Amino acid sequence: MLALILALAAAATPVPPGEQPVDPYAAADANAGATPVAGQRLWHAFHEQPGVDRIVDSLVSRAIVDPRIAEIFKGQDIVRLRRTLKEQFCYLLGGGCRYSGREMAASHHNLGIQTKDFNALVDDLQQAMSRERVSPFAQNRLLAKLAPMKRSVVER
Amino acid sequence: MRAGGKLLLTGGISTVEGSGGGGLASWALIAGNETVDGIGGTVHATYVPLADYSLTSEGVAIGIRDRLELSYAHQRFDTQKVGAALGLGRGFSFQQDIIGAKLRLAGDAVIDQDSLLPQIAIGVQYHIADRDAVIHAIGGAHAKGTDFYLAATKVLLAQSLVLGGTVRLTKANQFGLLGFGGDAHNHYSAQFEGSAGLLVTRRLLLGGEYRTKPDNLRFAREDRALDLFAAYAVTRNLTATAAYVDLGDIATIRHQRGALLSLQANF
């Protein structure tokens, strides 16, 4: 029955332009891996959707050429990554978006990510946020939401 | 095995005793730049000029898989002009070697942002002081001693705060430079080390530390130690620390305040 619902949901959800199809899954905000911050102050501190879009684009552009972690992104759907990351950050920062991506463990399964890779991505994200002139205190509030996801992302 | 990869500042700096921590207090963080997948380490040099004395500390530490830390430090405490007044001779120095080990038991100070559980570690430091005769003359019981500590360190990212608390079982007089145990007290006591810092940027931590110490010797009262510090990650592999320190009265000489300047290379 669940498989049928998923199949129907997948059939009903067209693949966004430029993205590759993914196996069906149940979309839910809970897949974002953390709950949103309260209020809208942090959303404003990140310059709302235009700011988050710039940060994610900058982050992804850095990460896919970062010699420490570029290999991990080879063959991945970068168009989809940008879209789901923008949704995830918007959702976590109190921007009111829905998250349509997969959960953290599923979306990072078999990528062979180690702690050093996770930290390298944090490093790239910090640079992207600094370039957007988000204050270090606001940056750390987002990092506080993302940090525990390491347990789902890093493979032992 | 992969070298490096820790987030900036999350290996701490080096204490004057060689362990990963602040300048005075040992923290639960494991020294070095390594993650669970590698081996890292630190080399430090610290200079503490005080009103009437000076202290230097040089040392190394190795971090293994962000789990086990092994450290060595050498301290030299120069009595400068006071040495003559104390009857020791001008420029008389007390030195000690400190061999340390620390094991992370639980928690990850940075990752566990969804719980209040801090990173917890236990540690041991074996101190060998070099002035047996003077130590015994001033009422000290031993020139060698072992400290045991339990440290908890938590980064509260949402508040940009770093908080730490350590309980140390020790008999040390002035960090062990004046030996262990004495004519007033010759038993282990539990002493406290507290730290608090604000991550102003990802490279800059401003904070303070407070450390209580035993008062074992009759000839001079021993005070708490405290500092106010700025630790700056100049690069991924170099951290510079400047602090105001107040070590209180030392060997009857009052108000020993000054600076703590430290450079740490880490890999």
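Refer to the structure presented above.
These numbers were taken from a predicted model, which means no experiment stands behind them.

A. Quick look at the pairing of strand β16 (residues 257-266) of chain B. Residues and elements named next belong to chain B. As paired strands, strand β3 (residues 39-49) and β16 are joined by 6 bridges and run antiparallel to one another. Considered in β16, the bridge of His 44 is made with Gln 264. By the bridge criterion, 9 bridges tie strand β15 (residues 238-246) to β16 in an arrangement that is antiparallel. Bridging from a neighbouring strand, Thr 239 pairs with Gln 264 of β16.

B. Quick look at the nonpolar core. If you look at the biggest cluster of nonpolar residues, it comprises 83 residues, and the most contacted ones within it are Phe 46, Phe 89, Leu 93, Leu 125, Met 129 and Leu 142 of chain A together with Tyr 53 of chain B. In contact with Leu 125 of chain A, not counting residues within four places along its chain, are Ile 55, Leu 59, Phe 89, Leu 143 and Leu 146 of chain A.

C. Quick look at unusual backbone geometry. Unusually for a residue other than glycine, His 47 of chain A sits at a positive phi of about 65 degrees. Position of His 47 of chain A relative to the elements: it lies in the loop between α2 (41-45) and α3 (48-63). Positive phi outside glycine occurs at Gln 80 of chain B, with the angle close to 45 degrees. Looking at the secondary structure, you find Gln 80 of chain B in the loop between β5 (68-78) and α1 (82-85). For Gln 80 of chain B, a relative accessible area of 31% puts it in the partly exposed group.

D. Main features of the sheet that holds strand β7 (residues 119-129) of chain B. An order of β3-β4-β5-β6-β7-β9-β10-β12-β13-β14-β15-β16 (chain B) is seen for the 12 strands of this closed barrel, with the pairing classed as antiparallel. Strand-to-strand twist of the sheet, defined as the mean angle between neighbouring strand axes without regard to direction, takes the value 20 degrees.

E. Seen up close, the state of the cysteines. All names here are of chain A. Counting across every chain of the model gives 1 disulfide over all chains. Cys 90 shares a disulfide with Cys 97; S-S distance 1.9 Å. Residues Cys 90 and Cys 97 share a disulfide whose torsion about the S-S bond is about 85 degrees; that sign makes it right-handed. Given a relative accessible area of 0%, Cys 90 falls into the buried group.

So, how was this worked out
The numbering scheme is per chain: residues are counted from 1 as the chain's sequence reads. A letter from A marks each chain and a number from 1 marks each ligand, given out in the order of writing. Confidence filtering applies because this is a predicted model: local features only for residues at pLDDT of at least 70, side-chain atom pairs given and counted only at 80 or more, and all residues used for totals across whole chains, interfaces and linings. For side-chain calculations, the full set of non-hydrogen atoms in the structure is used, while hydrogens and water are omitted. Between any two strands, at least two bridges found by DSSP are needed for them to pair. Secondary structure elements are taken from DSSP: a helix is a run of H or I of four residues or more, a strand is a run of E of two residues or more, and numbering for both begins at the N terminus. In this description, a nonpolar core means a group of buried Ala, Val, Leu, Ile, Met, Phe, Trp, Tyr and Cys residues linked to one another through side-chain atoms lying within 4.5 Å. Relative accessibility decides the category of a residue: with a 1.4 Å probe and only protein chains considered, values under 20% of the type maximum give buried, values over 50% give exposed, and everything between is partly exposed. Note on definitions: a residue-residue contact is assigned when non-hydrogen atoms from the two residues lie within 4.5 Å. Only the stretch in contact is used when a helix axis is fitted, and all axes are lines through C-alpha atoms; the angle between N-to-C directions ranges over 0 to 180 degrees. Count a disulfide wherever a pair of cysteine sulfur atoms falls within 2.5 Å.

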